[in-house]
Amino acid sequence: MGYFFAVTGKGGVGKTTLSALLVNRLIKNGKKPVLAIDADPNSCLDAALGVTVTGTVGSAREEMREESALAAKSGISKHEMLQLKIAESLVESGGFDLISMGRPEGAGCYCYANNVLKSVINEIAEAYPYVVLDNEAGLENLSRRIVADTDTLLLVSDASGAGIKTLLRLHGLTKEMEISYKKLILIINRVRSESVPPAAAEAAKLTGADETVCIPDDAEVADFMERGQPLTELPDSNAAVKIIDKLIESIFREKG
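Everything numeric in this text was worked out from a predicted model, so none of it was measured. (Residues numbered from 1 in each chain as written. Predicted model: local features only at pLDDT ≥ 70, side-chain atom pairs only at ≥ 80, totals over all residues. Heavy atoms only, no water.)

(A) Region of interest: the overall build of the protein chain. Across its full length, the protein chain holds 10 helices and eight strands. Taking all 256 residues of the protein chain together, 53% fall into the buried category. Long-range pairs, those at least 24 residues apart, make up 78% of the contacts in the protein chain between residues at least 6 apart in sequence. Taken as a whole, the protein chain presents about 11500 Å² of accessible surface, with 50% of it coming from carbon and sulfur. (Helix = DSSP H or I, 4+ residues; strand = E, 2+ residues; numbered from the N terminus. Buried < 20%, exposed > 50% of the residue type's maximum accessible area, 1.4 Å probe, protein only. Contact = heavy atoms within 4.5 Å. Areas by Shrake-Rupley, 256 points an atom, 1.4 Å probe, with all protein chains shown as cover.)

Shown next, in the form of structure tokens:
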């Protein structure tokens, strides 16, 4: 597998926005192709990237169930059929492909879909030099160990006290569940001052983060989101875009 980014945080802090910007700026910086994985059942990363998901891991699972008897008669195993269905659900675009987890298996049960997603990450992601995983809001995906090993873990929060507390809980869970990462970056989103908020600075010390990145409360990004315009169309001059470019440069300068 190539270089793996995992993005997580509580709901509403801008994880999907960050994931979309990260995918787009990796491509703009010549680091492609990228596999974008939308692990949120609500599946909204496609809109931020300017594409449309027509099939998901969840729908592939249901199709496999319906067609498994027919597949058995033709000599195709369930695993082979599932691989084919998931491959068909990939959305291909310029510089990146996107796969979406989609809906869970019944009310409140994600177990089968999560196991399938693990398989997708291990089997499909091998073909990509860069992978960006946009996690579901909250702690669920980490606790279910969808991500067991990653190169850069990005914990996202807004500047609120509640957001920072959740960020610290997420970090504690990565230790408890033995989630492996080489680099930890705290992303503080929608910051209204030029300095790192005191609570975020303290969180950086407590977590031992390699870097803390503040993204301003950007009116242009907010306008794009309100109008449903893909974030991939943000200009290179945008403040948030410049910060992500700098972050990517820093990560791969150190890696190289």
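(B) Structural detail: the layout of surface pockets. The calculated volume of the largest pocket comes to roughly 250 Å³. In terms of lining residues, the largest pocket is bounded by 14 residues, among which V213, C214, I215, P216 and I243 are the most central. Mapped onto the lining of the largest pocket, the elements with two or more residues apiece are strand 8 (211-216) and helix 10 (239-255). With six residues, strand 8 is the single largest residue contributor to the lining of the largest pocket. (1 Å grid on protein atoms, 1.4 Å probe; cavity = no way out; pocket = protein on both sides within 12 Å on 5 of 7 lines; lining within 4 Å. Points joined across faces, edges and corners; volume = space filled by probe spheres on them.)

(C) Region of the structure containing helix 9 (residues 219-227). Two or three places before E220, at the opening of helix 9, D218 has a side-chain oxygen 2.8 Å from that residue's backbone nitrogen. Where helix 9 terminates, the next one or two residues include G228, which has phi positive at roughly 70°. (Polar contact = N/O pair within 3.5 Å; in protein donor to acceptor, adjacent residues only side chain to side chain.)

(D) The packing of aromatic side chains, seen in detail. Here the structure, examined in full by the defined rule, presents four aromatic pairs. Taking the centre distance of 5.0 Å and the plane angle of 55° together, the rings of Y3 and F252 count as tilted. Within this pair, whereas Y3 is found in strand 1 (residues 3-9), its partner F252 is found in helix 10, the two being separated by 249 residues in sequence. Take Y3 and F252: they sit in the same class, and that class is buried. (Phe/Tyr/Trp six-rings, centres within 6.5 Å; stacked < 30°, edge-to-face > 60°.)

(E) Examining the environment of I179 more closely. Positionally, I179 belongs in the loop between helix 7 (161-176) and strand 7 (180-191). Overall, the relative accessible area of 7% leaves I179 in the buried class. A sequence separation of 29 residues divides I179 from T150, and the C-alpha atoms of the two residues are 8.0 Å apart.

(F) Main features of the pairing of strand 5 (residues 130-134). Within strand 5, five of the five residues are buried, which leaves the element mostly enclosed by the surrounding structure. Taking every second residue as pointing to the same face, both faces of strand 5 are buried, with Y130, V132 and D134 on one and V131 and L133 on the other. When strand 1 meets strand 5, the two strands line up parallel, connected through five bridges. Its bridge partner lying in strand 5, V7 is registered against D134. Direction of pairing for strand 2 (residues 34-38) relative to strand 5: parallel, over a ladder of five bridges. Pairing of A36 across the sheet is with V132, part of strand 5. (Pairing = 2+ DSSP bridges.)

(G) Molecular detail of the sheet that holds strand 8. Taken in spatial order, the eight strands line up as 3-4-2-5-1-6-7-8 in an open sheet, and their pairing is mixed. This sheet does not close on itself; its edge strands, each paired only once, are strand 3 (91-93) and strand 8. Between one strand axis and the next, the sheet turns through 20° on average, direction left out of account. Sheet topology places strand 7 next to strand 8; five bridges connect them, and they run parallel. (Axes fitted to C-alpha atoms, helices over the stretch in contact; angles between N-to-C directions.)

(H) Looking closely at helix 8 (residues 198-207). All buried positions along helix 8 are accounted for by A200, A203, A204 and T207. Along helix 8, the residues classed as buried sweep out an arc of 105° about the axis, all on the same side. Of the exposed residues in helix 8, those oriented more than 90 degrees away from the buried face are P198, K205 and L206. Packing partners of the buried residues in helix 8 comprise helix 7, strand 7 and strand 8. Just downstream of helix 8 lies G208, where phi reads positive at about 70°. (Arc of directions from axis to C-beta.)

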